[in-house]
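Breakdown of the fold
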Amino acid sequence: MKIRQARLDRALGSTRMRYFLSYFIIFCFLITGFFYIVRTQLAKLYLEQLTISSEQQLHNVRQTLADEFNTMNTVNDSIKDNINIIFTKYSTDEGRQYLAYKEMIKYTPGRPYIKSIVYLNKNHGIVTSSQAITEYKEGVFHMLTPDRFVFDPAPYLDSRQNQLLYLQADGEKQLIYFPVNSSYSNALTYFLVDMREIERLCQEASSSEMPVIALLDSEKNIIAGQNTEQLAPYMDAFESKDGVYPIDNNTSLCVSGGLSNGFLMLSLISNRVLLQQVSSAFRTAYLILFVLGLLGFLLLLLSMRSTYLPLHKLTQKIVASPDKRQSYLEQLDQTFADSNLQNRQLQDKLKKYKLSIQNPYWTISSPQTMPLPAGGSFRTSTASSARTPMCCSLR
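Residues numbered from 1 in each chain as written. Predicted model: local features only at pLDDT ≥ 70, side-chain atom pairs only at ≥ 80, totals over all residues. Heavy atoms only, no water.

**Side note on the overall build of the protein**
The following threshold applies: Numbering of helices and strands runs from the N terminus; a helix is a DSSP stretch of H or I covering at least four residues, while a strand is a stretch of E covering at least two. Note on contacts: a residue pair qualifies if any of its non-hydrogen atoms lie within 4.5 Å across the two residues. The method behind every accessible area is Shrake-Rupley, applied with a 1.4 Å probe, and residues are considered shielded solely by the protein chains displayed.
Secondary structure summary: the protein contains 8 helices and 15 strands in total. A sequence separation of at least 24 residues applies to 51% of the contacts in the protein between residues at least 6 apart. In the form shown here, the protein has an accessible surface area of approximately 25400 Å², with 56% of it arising from carbon and sulfur atoms.

**Points about the pattern of salt bridges**
Put simply, the test is: Throughout this description, the term salt bridge denotes a Lys or Arg side-chain nitrogen within 4 Å of a carboxyl oxygen of Asp or Glu. Residue exposure (1.4 Å probe, protein chains only): buried if accessible area is under 20% of the type maximum, exposed if over 50%, otherwise partly exposed.
Here the structure, examined in full by the defined rule, presents 5 salt bridges. Residue Lys-137 is joined to Glu-135 by a salt bridge in which the shortest nitrogen-to-oxygen separation is 3.4 Å. Classification of Glu-135 as partly exposed rests on a relative accessible area of 36%. With its nearest N and O atoms 2.9 Å apart, the salt bridge here joins Glu-197 to Arg-200. Here Arg-200 and Glu-197 lie together in helix α5 (residues 195-205), a separation of 3 residues that amounts to about one turn. On the basis of relative accessible area, Glu-197 is assigned to the buried category, the value being 16%. One salt-bridge network, in which partners are shared between bridges, spans Glu-197, Arg-200 and Glu-204.

**So, the sheet that holds strand β8 (residues 187-193)**
In plain terms, the rule: By definition, two strands form a pair when at least two bridges between them are found by DSSP. Fitted lines through C-alpha atoms give the axes, limited to the stretch in contact for helices. The angle between two N-to-C directions lies from 0 to 180 degrees.
The sheet built from 5 strands is open, its strands ordered β2-β1-β8-β7-β6 with antiparallel pairing. This sheet does not close on itself; its edge strands, each paired only once, are β2 (126-129) and β6 (163-169). Strand-to-strand twist across the sheet, computed as the mean angle between neighbouring axes with direction ignored, equals 25°. Direction of pairing for strand β1 (residues 114-121) relative to β2: antiparallel, over a ladder of 4 bridges. Bridge pairing in β2 places Leu-120 opposite Val-127. Each of β1 and β2 touches helix α4 (residues 94-105); the most contacted strand, β2, lies at about 35° to it. Contacts from α5 reach β6, β7 (172-178) and β8 within the one sheet, and its direction differs from that of β7 by about 90°.

**Digging into the packing of aromatic side chains**
Formally: Pairing of aromatic rings covers Phe, Tyr and the six-membered ring of Trp, with a centre-to-centre limit of 6.5 Å; geometry is then stacked below 30 degrees between planes, edge-to-face above 60, and tilted otherwise. By definition, being over a ring means that NZ of Lys or CZ of Arg is both within 6 Å of the ring centre and within 35 degrees of the ring normal.
Across all of its chains, the model carries 11 aromatic pairs by this definition. Ring geometry for Phe-151 versus Phe-178: centroids 6.0 Å apart, planes at 75°, classification edge-to-face. You can see Phe-151 sitting in strand β5 (residues 148-151) and its partner Phe-178 sitting in strand β7, a full 27 residues away along the chain. With a centroid separation of 6.4 Å and an interplanar angle of 25°, the aromatic rings of Phe-178 and Tyr-190 are classed as stacked. Of the two residues, Phe-178 sits in strand β7 while Tyr-190 sits in strand β8, which places them 12 residues apart along the sequence. Take Phe-178 and Tyr-190: they sit in the same class, and that class is buried. Grouping aromatic residues by their ring pairs yields a cluster made of Tyr-136, Phe-141, Phe-151, Tyr-156, Phe-178 and Tyr-190. One cation-aromatic arrangement involves Lys-220 over Phe-238; the distance from NZ or CZ to the ring centre is 4.4 Å.

Everything listed is a geometric property; what it means functionally is a separate question.
Structure follows, in structure tokens:
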């Protein structure tokens, strides 16, 4: 085990492996960083654009509902001015009641959000309804829609503005548009709103990026919408004010209010579908980049022929005893340092040798001279000098 580990350490410590890993790690880092940067920035920018477009889309849905409710208010004004309906206030004749019913039905075509129009003649307690079977007893409406549903209008009379009411009783749910009605008037009108049309509207406006759209009342009760079960975890994550409320990096809630009685439209915005599409595209890109990576690896090997191999050959030629624990540059540097030191030592020796040639230490002694004879001239004893050996001394 120790021998295998030692081999592995030597392999990792070799200059060749380090040279290869330096390129490979940089390449992998750049590729990985590229994908994360693109994915993060794309998701961020797309979510911002998606939020803007979703706000506008939700505003359009809210405006559509507001226009439909305004249409109901217009119908209510027309009913008040309809002479055939006005005559029913003063007569119990069945013919006139039937004529009032026919007039009532004329207001429903082309107005799909009106499920039923309910008109009460207070003078005689007679109810005329365009669709739902309705009775009026003891100040309370009893409607078959299809089950019996009871509606008491007293709390909503004498209001200064039109009202949108969401009522629940015995498992039945009804959305009622209640125009301004006076308790002193001899007539009363209200509208049953078809919640299936609201669901259809939300379904048409929804998309993969905005999968949930719903109509909520002032108490955050879900009235109708598309994929409303997905809103359950987020009912406390927003306020009843217009705006965008982020949930996490990929999900936000968009609120558009302005309807009667604090009713609002709510949508869930998500870029998860985009991220899935991006991930799918990246998987394809990974395969392409894998092939390109193989080509790049081959190019890397070819580039090493002009960078690594010359260095490897130079080290083998110059370094007498290669050491695998050191890189080629370290070995070459050490070799050149040793060679430089040897060159300086050799130059010092050559300088000393040159000085010894230019200033010899061998000297030749002067010839011996004879003393002058008395009264005579200077004469050298050549014979004596010839016989006298030359004396040399080595200094």
